[in-house]
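Structure assessment
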Amino acid sequence: MINSTSDTSVFRGPGPQAFASDPANGRGRLFPEPESPMRGPYQRDRDRIIHSTAFRRLKHKTQVFVFHEGDHYRTRLTHSIEVAQIARAIARAVGLDEDLAEALALAHDLGHTPFGHAGEEALDEAMSPWGGFDHNVQTFRILTVLERRYAAFDGLNLTWEMLEGIVKHNGPLIGPGATAKNQARNTAAAFADFCARQVDLRLETWPSAEAQVAALADDIAYNNHDIDDGLRAELFAIADMAEAPLAGPIFARVVARFPGLEASRVIHEAVRHIINEMVTDLVSETKRRIEVAQPQSAEAVRLLGRPLVAFSDAMEGHNRALKRFLFEHMYRHERVNRMTEQARIVVATLFALYREQPALLPGEWRSLAEGRDEARAMRVVADYIAGMTDRYALQEHARLTGEPLPESI
């Protein structure tokens, strides 16, 4: 056994703060249920997500590389787990509810189509006459309608705080505080009916601090694991990282400190330091904002009018620069472009086939589409395709068209 004299109390954080989401004072669930004697409400939310069909499917859904590109590249599942780990660490450091932050992180990508953003773009275009397609809206549909596991209700019957966090993790959807991203996507319209008929999720306010943590943990995770995957796939080289702020100097320090170190270990060593610097900055800036705002409740966080959880201006600049670097060197790489173009064709072809021949849908899905107006029938088709894994979408495309699997996907 290794002896240690370090003070582990520094890792425990300050404990729950007044502005943290308090499960004891939560707004409950749409369908009342007895509380669990062993788990808090947000723990149950997390567990229901982990046990959901949609969560298991993430194992075979693309982050950037399709499943047969290699076993060690990230999938939506491994990405979600990494986001959850980062979110939980940040929540602990600033005194938030760790279970809620983790549950939101685990759920945030449930609505993604097969083939990542390429699949989403193709499905959005196909669904344009009927309201389009957005993966965040689809996540909400999964959590409230499409998961059918329980006898008394559809969906997972998650807490109000979970649903609010999923809907608004990128900020307010309506009103003067609505973010440019949310205004451009006009996602508020997709949630307005639910808020009018079921429960008001207050689309005009900021979400809880835990939801804000989950959103930025997502940024930290995907920037860094895409650097890792991109280097391992040889889409760009360690030398190219010199162009990237924050990452470039860190890679240079690792190479200088460990001359001759094998590339795979250089990559891991640098990436873990980038993650650490981004997390440290986020915690520091958030604590500074807490000190200024002095929020005394979770409601005060919602009404603050600006995010409580944030990077410093300098780190936000680095974050945007890393995204630009990855866009130029990875997401628009010729090899990735070939894959994404084929992915769009597969999704668009499947949609056209199911639209023209609804009998091709499996029995349960066919019964959901039959007898409905065109808009609702096409939403059923979109739900079915969005739930597919990469592998299943490719197999169905090959089976229905009689064409071999595309070589570049």
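Not measured: the values here are computed from a predicted model.

Before going further, it helps to spend a moment on the overall build of the protein. Check the secondary structure of the protein and you find 18 helices and zero strands. The globule rule puts the C-alpha radius of gyration for 409 residues at 22 Å, and the 22 Å found for the protein is close to it. Contacts in the protein between residues at least 24 apart in sequence constitute 74% of all its contacts with a sequence separation of at least 6. When the accessible surface of the protein is summed, it comes to about 19,300 Å², and 51% of that surface belongs to carbon and sulfur atoms.

Even without being a glycine, Asn157 presents a positive backbone phi close to 50 degrees. By the secondary structure assignment, Asn157 is in the loop between α6 (135–146) and α7 (160–168). Exposure remark for Asn157: the relative accessible area of 6% places this residue in the buried category.

Compared with the 27 Å implied by 1.5 Å per residue over 19 residues, the 25 Å span of helix α14 (residues 313–331) between its first and last C-alpha is a close match. For α14, the set of buried residues is Met315, Asn319, Ala321, Leu322, Phe325, Leu326, His329 and Met330. Down the axis, α14 shows its buried residues gathered within 165 degrees of arc, on one side only. In this structure, α14 carries Asp313, Arg320, Arg324 and Glu328 as exposed residues pointing more than 90 degrees from its buried face.

Moving on, we get to the nonpolar core. Judged by nonpolar contacts, the single largest core of 85 residues is most densely connected at Ile49, Leu110, Leu201, Ile227 and Met241. Among all residues touching Met241, those that are not within four sequence positions of it are Ile227, Leu231, Phe236, Ala247, Gly248, Phe251 and Phe325. Counting 29 residues, the second largest nonpolar core, distinct from the first, contains Leu350, Trp365, Ala382 and Ala393.

Positionally, Asp97 belongs in the loop between α3 (76–94) and α4 (98–107). Within the buried core, Asp97 has no salt-bridge partner, and the shortest N-O distance to an opposite charge, that of Arg88, equals 7.1 Å. Within the structure, Asp97 has its side chain in polar contact with the backbone nitrogen of Leu100 (distance 2.9 Å). Every residue in contact with Asp97, bar those within four places of it in the chain, is listed here: Ala20, Ser21, Pro23, Tyr42, Ala91 and Glu210.

Moving on, we come to the environment of Glu210. Here Glu210 shows up in helix α10 (residues 209–232). If sequence neighbours within four positions are ignored, Glu210 has contacts with Ala20, Ser21, Leu96, Asp97, Leu100, Ala101 and Leu104.

For the coordinates displayed, the defined rule picks out 33 salt bridges. Across the salt bridge formed by Arg88 and Asp99, the nearest N and O atoms sit 3.2 Å from each other. Remark: Asp99 occurs in helix α4 and Arg88 occurs in helix α3; sequence separation between them is 11 residues. By relative accessible area, Arg88 is classed as partly exposed at 24%. The class of Asp99 is buried, set by a relative accessible area of 16%. Across the pair Glu102 and Arg88 runs a salt bridge whose closest N-O atoms are separated by 2.4 Å. With Glu102 in helix α4 and Arg88 in helix α3, the pair connects residues that are 14 residues apart, well separated along the chain. A relative accessible area of 16% places Glu102 in the buried class. Taken together, the shared-partner salt bridges in this structure form one network comprising Arg39, Arg46, Asp47, Arg88, Arg92, Glu98, Asp99 and Glu102.

Listing the buried residues of helix α11 (residues 247–257) in full gives Ala247, Gly248, Ile250, Phe251 and Val254. Buried residues along α11 cover an arc of 165 degrees about the axis, so they all sit on one side. When the buried face of α11 is taken as reference, the exposed residues oriented beyond 90 degrees from it are Ala256 and Arg257. Structurally, α11 contributes buried residues whose contacts are with α10, α12 (263–293) and α14.

Centre distance and the angle of the planes are the two values used to describe a pair of aromatic rings. One pass over the full model with this rule turns up eight aromatic pairs. Aromatic rings pair up to connect Phe31, Tyr150 and Phe153 into one cluster. Positioned above the aromatic ring of Trp160 is the side chain of Arg27, whose terminal nitrogen or guanidinium carbon lies 4.1 Å from the ring centre.

Cut-offs and rules
- Residues numbered from 1 in each chain as written.
- Predicted model: local features only at pLDDT ≥ 70, side-chain atom pairs only at ≥ 80, totals over all residues.
- Heavy atoms only, no water.
- Helix = DSSP H or I, 4+ residues; strand = E, 2+ residues; numbered from the N terminus.
- Rg over C-alpha atoms; globule rule 2.2 N^0.38 Å.
- Contact = heavy atoms within 4.5 Å.
- Areas by Shrake-Rupley, 256 points an atom, 1.4 Å probe, with all protein chains shown as cover.
- Buried < 20%, exposed > 50% of the residue type's maximum accessible area, 1.4 Å probe, protein only.
- Expected span 1.5 Å × (residues − 1).
- Arc of directions from axis to C-beta.
- Core = buried A, V, L, I, M, F, W, Y, C linked by side-chain atoms within 4.5 Å.
- Lys, Arg positive; Asp, Glu negative; His and termini not counted.
- Salt bridge = Lys/Arg side-chain N within 4 Å of Asp/Glu carboxyl O.
- Polar contact = N/O pair within 3.5 Å; in protein donor to acceptor, adjacent residues only side chain to side chain.
- Phe/Tyr/Trp six-rings, centres within 6.5 Å; stacked < 30°, edge-to-face > 60°.
- Lys NZ or Arg CZ within 6 Å of the ring centre and 35° of its normal.

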